[in-house]
Amino acid sequence: MPFVELRNCMSAEQSVDALCQEARGLIKQKEYTQAIALYQQALQTDSRSVNVHEGLATTYFVIKDYDNALEHFRKVTLIDPKRSQVLVNMGAVHNRKQDYHNAIKVLRQALAKDRRCAAAYYNLGIAHKGLKQYGMAVSAYKEAIRLDSEMPEAYQNLANCLTEMGNMSQAITNYRRALELRPDFESARNGLQRATSQADAAKKAISPFGRLVDVQQMGSGIHQVDTRELSPQARFEDRLALHRISKEMEGVSAKLLEQLREEVSPVLLQLTHAFAQRGTSAREFDIFLPAIVRLRETWNRLLSTSKELRDHEQRMNETRGTAEG
């Protein structure tokens with residue numbers, strides 16, 4: 001390349017960098033319209049600049065112009081397909097648009113490129129929660145926390161899902177962890193108060209009832225059977241507890257089916273294909289094993305909830321049951 005052409009290329013690159021730097025300064029000052037104008041000017045010099053398209057996408061995201069944000073993030077994926085972080089950002093934009101199905105689609109593409117991206121799992125949790133797939137959301141948030149244990153938003157959103165599923169003890173634990181990481185996290189503090197109140201109400205719903213013995217019958221040699229009926233309040237609390245446990249079992253069961261369909265089945269097919277085509281590799285197992293671990297966690301949760309239901313019924317039977325005096 002002639003020297004003059006090289007100098008011109010360097011000059012153009014420096015011009016684009018200078019415009020991007022000036023635009024970022026304007027964004028900090030919340031001068032978004034002027035920042036967009038500078039990025040558009042930079043595009044006229046280099047229409048394939050990743051920095052320019054990402055800058056525009058980020059600016060449009062901040063001003064809630066999600067369609068334009070997606071358009072520029074898509075252009076980055078065409079210019080540099082290896083960038084998994086761009087797919088994560090696209091997932092975040094889809095979540096803001098409440099387009100949760102497309103969010104899940106692009107976030108899974110991001111995870112196929114980088115299985116250790118905590119932000120991808122975090123945004124995946126938001127998408128599943130938006131679809132009321134609480135079990136799947138819990139798995140995603142837990143994986144985000146495993147990869148980045150210093151993410152207060154992940155703990156708080158995980159706690160929100162656990163609250164929806166009726167698991168107050170774990171919800172409280174995660175709200176507290178979020179507040180440890182960020183003491184001024186108001187949403188986590190409010191969530192902790194709600195979860196604690198519901199947990200206290202549930203404890204009060206399970207209270208022992210005393211037994212009275214007819215002293216006139218004592219020593220008569222006649223076995224007197226005392227059948228106790230639940231009070232209207234006790235019956236209401238019994239129904240409330242049963243409703244909570246059954247809803248949790250319903251949610252966990254739905255999650256189990258979704259994991260089989262959305263996670264385990266596709267990975268098994270991929271593993272089978274790998275065996276048939278070339279023999280498997282560590283990469284396939286790296287994808288397969290976490291899916292099985294998450295499935296086992298869900299199954300154990302279902303067993304635990306089933307035991308909780310049996311224990312509750314036993315307590316109620318003891319309360320309503322008969323005693324020989």
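How each quantity is defined
- Residue positions are given per chain, counting from 1 as you read along its sequence in written order.
- Given that this is a predicted model, residues contribute local features only at a pLDDT of at least 70 and side-chain atom pairs are listed and counted only at 80 or more, while totals for whole chains, interfaces and linings are drawn from all residues.
- The side-chain numbers reported here are obtained from all heavy atoms of the structure, hydrogens and water having been left aside.
- Strands here mean DSSP runs of E at least two residues long; helices mean DSSP runs of H or I at least four residues long; both are numbered from the N terminus.
- Summary of the burial criterion: residues with accessible area below 20% of their type's maximum are buried, those above 50% are exposed, and those between are partly exposed, where the area comes from a 1.4 Å probe applied to protein chains only.
- Whether two residues are in contact is decided by their heavy atoms: any pair within 4.5 Å suffices.
- Surface exposure here means Shrake-Rupley accessible area, sampled with a 1.4 Å probe, where a residue is shielded only by the protein chains that are shown.
- For every element, the axis is a line fit to its C-alpha atoms; helices are fit only across the contacting stretch, and the angle between N-to-C directions ranges from 0 to 180 degrees.
- Angle categories are assigned with fixed cut-offs, so that under 35 degrees is roughly parallel, over 145 is roughly antiparallel, 65 to 115 is roughly perpendicular, and the rest are oblique.
- Should the near helix be turned anticlockwise from the far one by less than a right angle, the crossing is termed left-handed; should it be turned clockwise, right-handed.
- Think of it as three bins: nonpolar holds Ala, Val, Leu, Ile, Met, Phe, Trp, Tyr, Cys and Pro, charged holds Asp, Glu, Lys and Arg, and polar takes everything else, Gly as well.
- What counts as a salt bridge is simple: a side-chain nitrogen of Lys or Arg found within 4 Å of a carboxyl oxygen of Asp or Glu.
- The pairing test for Phe, Tyr and Trp rings, Trp by its six-membered ring, is centres within 6.5 Å, and the orientation test on the planes gives stacked under 30 degrees, edge-to-face over 60, and tilted for anything in between.
- Lysine NZ or arginine CZ positioned within 6 Å of the ring centre and within 35 degrees of the ring normal marks a charge as sitting over the ring.
- Working rule for helices: expected span equals 1.5 Å times residues minus one.
- Confidence of the prediction at every residue is given by pLDDT, a number between 0 and 100.
- By convention a nonpolar core is built from buried Ala, Val, Leu, Ile, Met, Phe, Trp, Tyr and Cys residues, the set being connected through side-chain atoms within 4.5 Å.

**A word on the overall build of the protein**
Piece 1. Per the secondary structure count, the protein includes 13 helices and two strands.
Piece 2. Buried positions account for 40% of the 325 residues belonging to the protein.
Piece 3. The contacts of the protein with a sequence gap of at least 6 include a subset with a gap of at least 24, amounting to 56%.
Piece 4. Carbon and sulfur atoms make up 52% of the accessible area of the protein, which amounts to about 19200 Å² in all.

**Some points on the packing of helix 2 (residues 32–45) against helix 3 (residues 50–62)**
Piece 1. As a packed pair, helix 2 and helix 3 sit with axes 10 Å apart at the nearest point and diverge in direction by 155 degrees. Taken together, helix 2 and helix 3 sit at an angle that is classed as roughly antiparallel. Here helix 2 runs over helix 3; the crossing is left-handed. Here helix 2 contributes Y32, I36, Y39, Q40, A42 and L43 to the contact with helix 3, which in turn contributes N51, V52, H53, G55, L56, T59, Y60 and V62.
Piece 2. Split by residue class, the contact of helix 2 with helix 3 holds nine nonpolar, five polar and no charged.

**Structural notes on the pattern of salt bridges**
Where charged atoms from two side chains of opposite charge approach closely, those side chains can pair.
Piece 1. As enumerated under the stated definition, the model contains eight salt bridges in all.
Piece 2. Taking the shortest distance from any N to any O, the salt bridge between R83 and E54 comes out at 3.0 Å. In this pair, R83 is assigned in the loop between helix 4 (66–79) and helix 5 (84–96) and E54 in helix 3, connecting sequence segments 29 residues apart.
Piece 3. You can call R83 partly exposed: its relative accessible area is 30%.
Piece 4. A salt bridge links E248 to R301; the nearest nitrogen and oxygen atoms lie 1.8 Å apart. Placement of the pair is E248 in helix 12 (residues 232–277) and R301 in helix 13 (residues 282–320), with a sequence separation of 53 residues.
Piece 5. Three or more residues joined by partner-sharing salt bridges are found here, namely E54, D80 and R83.

**Observations regarding the side chain of T163**
Piece 1. By the element assignment, T163 lies in helix 9 (residues 152–164).
Piece 2. The exposure class assigned to T163 is buried, which follows from its relative accessible area of 18%.
Piece 3. Once residues within four sequence positions are removed from consideration, T163 is found in contact with M168, A171, Y175, A195 and Q198.

**Considering the packing of aromatic side chains**
Piece 1. Per the counting criterion, the structure on display carries two aromatic pairs.
Piece 2. Considering the side-chain rings of Y122 and Y141, the 5.9 Å spacing of their centres and the 55 degrees angle between planes classify their relative orientation as tilted. Note that Y122 is positioned in helix 7 (residues 118–130) and Y141 in helix 8 (residues 134–147), a separation of 19 residues in sequence. Both residues of the pair, Y122 and Y141, belong to the buried class.
Piece 3. If you follow R182 out to its NZ or CZ, it ends over the ring of F185, 4.3 Å from the centre.

**Observations regarding helix 9**
Piece 1. Here helix 9 contains 13 residues, and its C-alpha end-to-end distance of 19 Å stays within 8% of the 18 Å for a straight helix at 1.5 Å per residue.
Piece 2. Helix 9 sits mainly inside the fold: eleven of its 13 residues count as buried.
Piece 3. All buried positions along helix 9 are accounted for by P152, A154, Y155, Q156, N157, L158, A159, N160, C161, L162 and T163.
Piece 4. The first or second residue beyond helix 9 is G166, which carries a positive phi of 85 degrees.

**Details of the confidence of the model for the protein**
Piece 1. Looking at the protein as a whole, its pLDDT mean stands at 81, while 76% of the residues score no less than 70.
Piece 2. Note that residues 1–10 has pLDDT below 50 and, in this model, two contacts with residues that lie over four places away or in other chains.
Piece 3. Across residues 208–227 the pLDDT falls below 50, and counting only partners more than four positions away or on other chains, this stretch makes 25 contacts in the model.

**Remarks on helix 4**
One turn of the α-helix equals 3.6 residues, which is why residues spaced by three or four share an orientation.
Piece 1. Here helix 4 contains 14 residues, and its C-alpha end-to-end distance of 20 Å stays within 8% of the 20 Å for a straight helix at 1.5 Å per residue.
Piece 2. Of the positions making up helix 4, those classed as buried are Y66, A69, L70, H72, F73 and V76.
Piece 3. Contact partners of the buried residues in helix 4: helix 2, helix 3 and helix 5.

**Observations concerning the environment of L43**
Piece 1. Summarising the element assignment, L43 is placed in helix 2.
Piece 2. Measuring from C-alpha to C-alpha, the distance between L43 and H53 comes to 8.1 Å, with ten residues separating the pair along the chain.
Piece 3. When residues no more than four places from it in sequence are discounted, the contact partners of L43 are V52, H53, L56 and H72.

**Focus: the nonpolar core**
It is characteristic of soluble globular proteins that their nonpolar side chains tend to be buried jointly.
Piece 1. Residues V52, L56 and Y175 are the most contacted members of the largest nonpolar core, which totals 75 residues.
Piece 2. The element best represented in this core is helix 8, accounting for eight residues.

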